[in-house]
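Chain by chain, the residues run as shown.
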Amino acid sequence: KSVDAIIHAGDINTQAVIDNIALFAPLYIVRGNNDKDWAEAVPHHLTISLDGLTFYIVHNKNDVPLELAGIDVVVFGHSHKYSHSERDGVLWLNPGSCGPRRFNQEITMMIMSTNGGCPSVEKVMIPHMAN
């Protein structure tokens, strides 16, 4: 509730999720492969600038263009598995999935501080409640 922006890399599942999280901060979302007819207006990818950093957001990492000139951070989803790496000066981030547990994986999200163009990322673990 105390962030300046929210980035969602797809598989949102319902308009209600968008409506709820959009109450807290500006929301940047892309459509995931599980987002069906209700999400036709949600873009496949976005390029945004926040606090001196340029982000490329897409659901599937395989859909990232080969040419990333001017991109500082790639945010992707699809695997629902947390990932944080750097390649050729570009930060690659998959926050994982903070919804219902999938594929017996951790439930995670990220919090990024941009610090005027110097990003730092914190992995946030969300406790899993067994059924």
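Since the structure is predicted, the reported quantities are computational estimates derived from the model, not experimental observations.

Asker: Explanation requested: the overall build of the protein in the structure shown.
Answerer: Per the secondary structure count, the protein includes one helix and nine strands. From first element to last, N terminus to C terminus, the protein shows the α and β order β-α-β-β-β-β-β-β-β-β. The globule rule puts the C-alpha radius of gyration for 131 residues at 14 Å, and the 14 Å found for the protein is close to it. Seen through its principal axes, the protein has C-alpha atoms that stretch 45 × 30 × 30 Å. Out of the 131 residues in the protein, the part that is buried amounts to 36%.

Asker: Would you mind going over the sheet that holds strand β3 (residues 45–50) with me for this structure?
Answerer: With mixed pairing, the five strands of this open sheet are ordered in space as β3-β4-β5-β7-β6. Edge positions in the open sheet fall to β3 and β6 (83–87), since each of these has one partner strand only. Going across the sheet, the axis of each strand differs from the next one's by a mean of 20°, ignoring polarity. One ladder, built from five bridges, connects β6 with strand β7 (residues 90–94); its direction is antiparallel. Counterpart to Ser 85 in the pairing with β7 is Trp 92.

Asker: Can you help me understand the pattern of salt bridges in this one?
Answerer: A pair can form between side chains of opposite charge whenever their charged atoms are brought close. Under the counting rule described, the total for this entry stands at one salt bridge. Where Lys 123 meets Glu 106, a salt bridge forms, and the shortest distance between an N and an O atom there is 2.9 Å. With a gap of 17 residues between them, Lys 123 in strand β9 (residues 120–125) and Glu 106 in the loop between β7 and β8 (108–113) connect regions that are remote in the sequence. Residue classification places Lys 123 among the partly exposed residues on the basis of a relative accessible area of 34%.

Asker: Which parts of the structure should I look at to understand the side chain of Thr 108?
Answerer: With respect to the helices and strands, Thr 108 occurs in strand β8. Residue classification places Thr 108 among the buried positions, given a relative accessible area of 1%. Engagement of the side chain of Thr 108 in a polar contact is seen with the backbone oxygen of Pro 95, the distance being 2.8 Å. Among all residues touching Thr 108, those that are not within four sequence positions of it are Tyr 82, Pro 95, Gly 96, Ser 97, Cys 98, Lys 123, Val 124 and Met 125.

Asker: Can you walk me through the pairing of β9 in this structure?
Answerer: Working note: regular strand, side chains alternate between the two faces of the sheet. Relative to β9, β8 runs antiparallel, the two sharing six bridges. If you follow Met 109 over to β9, its bridge partner there is Val 124. Where β8 folds back on β9, the antiparallel hairpin that results is connected by six residues, among which Asn 115 adopts a positive phi of roughly 45°.

Asker: For this particular structure, what's the right way to read the nonpolar core?
Answerer: Across soluble globular proteins, nonpolar side chains have a tendency to be buried as a group. Among the nonpolar cores identified, the biggest contains 13 residues, and Ile 48, Phe 55, Ile 57, Val 73, Val 75 and Leu 93 are the most heavily contacted of them. Looking at this core, the elements that each hand over two or more residues are β3, β4 (53–58), β5 (73–75) and β7. Of the residues forming this core, the biggest block, three residues, is contributed by β4. Here Ile 57 is in contact with Ile 7, His 8, Ala 9, Tyr 28, Val 30, His 44, His 45, Leu 46, Ile 48 and Val 75, once residues within four sequence places are set aside. Among the nonpolar cores identified, the runner-up in size contains nine residues, and Val 58, Leu 68, Ile 71 and Trp 92 belong to it.

Cut-offs used in this document
Think of each chain on its own: its residues are numbered from 1, step by step along the sequence as written. Whole-chain, interface and lining totals are the exception, using all residues; otherwise, since this is a predicted model, local features are given only for residues with pLDDT of at least 70 and side-chain atom pairs are given and counted only at 80 or more. To get the side-chain values, all heavy atoms of the structure are used, and hydrogens and water are removed first. Only DSSP runs of H or I with at least four residues qualify as helices, and only runs of E with at least two residues qualify as strands; both kinds are numbered from the N terminus onward. Our radius of gyration is a C-alpha quantity, and the globule rule it is checked against amounts to 2.2 Å times the number of residues to the power 0.38. In this scheme, a residue with accessible area under 20% of its type's maximum is buried, one over 50% is exposed, and one in between is partly exposed, where area comes from a 1.4 Å probe on protein chains only. Strands are labelled as partners when DSSP assigns at least two bridges between them. To obtain an axis, a line is fitted to C-alpha atoms, over the contacting stretch when the element is a helix, and the angle between two such axes runs from 0 to 180 degrees between their N-to-C directions. Salt bridges, as used here, are contacts in which a Lys or Arg side-chain nitrogen is within 4 Å of a carboxyl oxygen on Asp or Glu. The term polar contact refers here to a pair of N or O atoms within 3.5 Å; inside protein, the definition further demands a hydrogen-donor-capable atom paired with an acceptor-capable atom, and it admits residues adjacent in sequence only when both atoms are side-chain atoms. Whether two residues touch is decided by their heavy atoms; if any such pair falls within 4.5 Å, the residues are in contact. What makes a nonpolar core is a set of buried Ala, Val, Leu, Ile, Met, Phe, Trp, Tyr and Cys residues whose side-chain atoms join them at distances within 4.5 Å.

By themselves, these are just geometric observations and shouldn't be taken as functional.
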